[in-house]
Amino acid sequence: MEESNKYLMNTYNRLPIVLRKGRGMKVWSSDGKEYIDFLGGIAVNCLGHCHPNVVIALQKQAQRLLHVSNHYHIEPQIELAKILVNNSFADKAFFCNSGTEAVEGAIKLARKYASDHTSAERFEIITAEGSFHGRTFASLSATGQDKLKKGFEPLVPGFKHVPFNDIDALEKAVTKNTCAVILEPIQGEGGIKIPSYDYLKQVRQLCDKNGILLILDEIQTGIGRTGALFAYEHFDMEPDIITLAKGLGGGVAIGAILAKDSVAASFNPGTHGSTFGGNPLACAASLATVGTLLEDSFLLDNCRRIGKYFMDQLENLKNDFPDTIVEVRGKGLMIGLELTKEGGPIVDLCLKKGMLINCTAGSILRFTPPLIITEKEIDPLIEVLEDIFKG
Ligand SMILES: *Cc1c(COP(=O)(O)O)cnc(C)c1O
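Residues numbered from 1 in each chain as written. Predicted model: local features only at pLDDT ≥ 70, side-chain atom pairs only at ≥ 80, totals over all residues. Heavy atoms only, no water.

Caption draft 1: Representation of the overall build of the protein in the model. Each helix and strand counted, the protein has 14 helices and 15 strands in total. For the protein, whose C-alpha radius of gyration is 21 Å, the value lies close to the compact-globule estimate of 21 Å for 391 residues. In terms of principal-axis extent, the alpha carbons of the protein reach across some 60 × 55 × 45 Å. Split into buried and exposed, the 391 residues of the protein put 53% on the buried side. For the protein, restricting intrachain contacts to residue pairs at least 6 apart in sequence, the fraction spanning at least 24 positions comes to 71%. Surface summary for the protein: the accessible area is close to 17800 Å², and the carbon and sulfur share equals 52%. (Helix = DSSP H or I, 4+ residues; strand = E, 2+ residues; numbered from the N terminus. Rg over C-alpha atoms; globule rule 2.2 N^0.38 Å. Buried < 20%, exposed > 50% of the residue type's maximum accessible area, 1.4 Å probe, protein only. Contact = heavy atoms within 4.5 Å. Areas by Shrake-Rupley, 256 points an atom, 1.4 Å probe, with all protein chains shown as cover.)

Pasting the structure below:
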């Protein structure tokens, strides 16, 4: 840990353990202590740690082919695109390596589409306050949290922020130069904020009326996290573009943009690209992850069922500690527990008790565990939280 601080840039507030090994719901630190993982790499390890299907797919692919340029056709990339397209609103996929890259690409695609179909002046993008879309410049510009932007100005021009879940505010922000709206279907980093059922449908209608593209950032909500493969499915509407990353690779770095044909057509050779995007190794891991999620019906069923169980237990805690807990929010296994106080000290205490949890937006405990979680992991966490809240 001393060397970590000596040799690495100080960009994270790391907890004082070194994690060395993981299996399923558990991880172990270098001193041999066992932890139950309720964070899952922030919604990344959707099948749990080192799922055999993912590990075997990686081993096989590593022996066959690690990397070739996108100047050639790549088998696992084609297979992955096919499974994502066949199970979504989309017709086409583009692969990159992370969430922020997917958002950058989606923003480029939306601007290119507007420039192809109307005019290059149509570059404005409306996004939500409290949103999180990534750390590179366009994604950061889209992000609706000033504290993340401080010191990095000037940002990319053309982004406007409106309150989340407020259709009137969005409508007022639209001008003849608006080319896209980008929203998380459920805000993750912003504190697990779920819009009303009608909101996204109303946004869809507003976009249609004005010829505006609707981008949903499903980097955190996608790949089964909310109990459906994609969160937009809960809201009875379809976007034009979605961005994916986090859970997409089951623990391996990969990002994607999915879009309808009419929109995807604005990317043609030379307009966008990535050296590593869609590489055989990452695509093999992702194919195994998405394939497992779709074939093993236990996983999505469990996500919905156990997610409800988890939230019921948290609701019971709320009844016992009304002065500490403000609200329980969530969908599937994307769950937030809003506190009346800072969540950081609770995360530290949970760590001491062998439970990895997270706090976002200051006072919201966040749980995004692997979709394989059962009562047998949740019950001890609830006991630990109860002890902590008792003081
Ligand atoms: C994590 C996240 C990102 C950024 O992903 P990175 O892989 O860290 O670049 C973007 N949007 C949402 C909604 C996220 O949760």
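Caption draft 2: Quick peek at the site of the ligand. In the vicinity of the ligand, the residues found are Ser 98, Gly 99, Thr 100, Phe 132, His 133, Gly 134, Glu 184, Asp 217, Ile 219, Gln 220 and Lys 246. One of the side-chain nitrogen or oxygen atoms of Asp 217 is found 2.7 Å away from a nitrogen atom of the ligand. One of the side-chain nitrogen or oxygen atoms of Lys 246 is found 2.6 Å away from an oxygen atom of the ligand. Bound to the protein, the ligand loses 81% of the 390 Å² it would expose on its own. Taken together, the residues of the shell around the ligand sort by class into two nonpolar, six polar and three charged. (Near = heavy atom within 4 Å. Polar contact = N/O pair within 3.5 Å; in protein donor to acceptor, adjacent residues only side chain to side chain. Nonpolar A, V, L, I, M, F, W, Y, C, P; charged D, E, K, R; others polar.)

Caption draft 3: Molecular detail of the sheet that holds strand S7 (residues 178-183). With mixed pairing, the seven strands of this open sheet are ordered in space as S4-S10-S9-S8-S7-S5-S6. Each edge of the open sheet is held by one strand with a lone partner, namely strand S4 (92-96) and strand S6 (159-162). Direction aside, the axes of adjacent strands within the sheet are offset by 20 degrees on average. The strands touched by helix H5 (residues 99-117) within the sheet are S4, strand S5 (124-128), S6, S7, strand S8 (213-217), strand S9 (241-244) and strand S10 (255-259), with S9 carrying the most contacts at an inclination of about 160 degrees. (Pairing = 2+ DSSP bridges. Axes fitted to C-alpha atoms, helices over the stretch in contact; angles between N-to-C directions.)

Caption draft 4: Fine view of the pattern of salt bridges. On inspection of all chains with the given rule, the structure shows 16 salt bridges. In this structure, Arg 204 and Asp 240 form a salt bridge, with 2.9 Å as the shortest nitrogen-oxygen distance. Here Arg 204, found in helix H9 (residues 199-210), pairs with Asp 240, found in the loop between S8 and S9; they are 36 residues apart in sequence, far enough to count as distant. Note on Asp 240: relative accessible area 11%, which makes it buried. What emerges from the salt-bridge pattern is a single network uniting Arg 204, Asp 208 and Asp 240. (Salt bridge = Lys/Arg side-chain N within 4 Å of Asp/Glu carboxyl O.)

Caption draft 5: Broad picture of the packing of aromatic side chains. Under the counting rule described, the total for this entry stands at seven aromatic pairs. When the ring of Phe 38 is compared with that of Phe 310, the centres are 6.2 Å apart and the planes differ by 65 degrees; the resulting orientation is edge-to-face. Of this pair, Phe 38 sits in the loop between strand S3 (34-37) and helix H2 (40-43) while Phe 310 sits in helix H12 (residues 297-320), placing them 272 residues apart in sequence. We note that Phe 38, like Phe 310, is buried. Three or more aromatic residues joined by ring pairs form one cluster here, namely Phe 38, Phe 310 and Phe 367. Cation over ring: Lys 21 sits above Trp 28, and NZ or CZ is 5.3 Å from the ring centre. (Phe/Tyr/Trp six-rings, centres within 6.5 Å; stacked < 30°, edge-to-face > 60°. Lys NZ or Arg CZ within 6 Å of the ring centre and 35° of its normal.)

Caption draft 6: Local environment of the domain arrangement of the protein. You can read the domains of the protein as domain 1 (2-51 + 297-390) and domain 2 (52-295). For domain 1 and domain 2, the distance between their C-alpha centres works out to 26 Å. A buried area of about 2500 Å², summed over both sides, lies between domain 1 and domain 2, and 65% of it is on carbon and sulfur atoms. On the domain 1 side of the interface with domain 2, the three residues burying the most area are His 51, Lys 331 and Met 334, jointly 29% of the side's total. Connecting domain 1 to domain 2 are one salt bridge. (Domains from an automatic or database assignment. Buried area = accessible area lost by both parts, 1.4 Å probe.)

Caption draft 7: Up close: the nonpolar core. Within the largest apolar cluster, 81 residues are counted, with the highest numbers of intra-cluster contacts made by Leu 84, Phe 310, Leu 314, Phe 367 and Leu 385. Residue-level mapping places this core at the junction of two domains, with at least three residues from each of domain 1 (2-51 + 297-390) and domain 2 (52-295). Here Phe 310 is in contact with Phe 38, Leu 333, Ile 335, Phe 367, Pro 369, Ile 378, Leu 381 and Ile 382, once residues within four sequence places are set aside. Counting residues in hydrophobic clusters, the runner-up holds 25 residues, among them Ile 219, Ala 245, Ile 257 and Ala 259. (Core = buried A, V, L, I, M, F, W, Y, C linked by side-chain atoms within 4.5 Å.)

Caption draft 8: Here's a closer look at the pairing of strand S1 (residues 19-23). With four bridges joining them, S1 and strand S2 (residues 26-29) adopt antiparallel strand pairing. Paired with Gly 22 across the strands is Val 27, a residue of S2.

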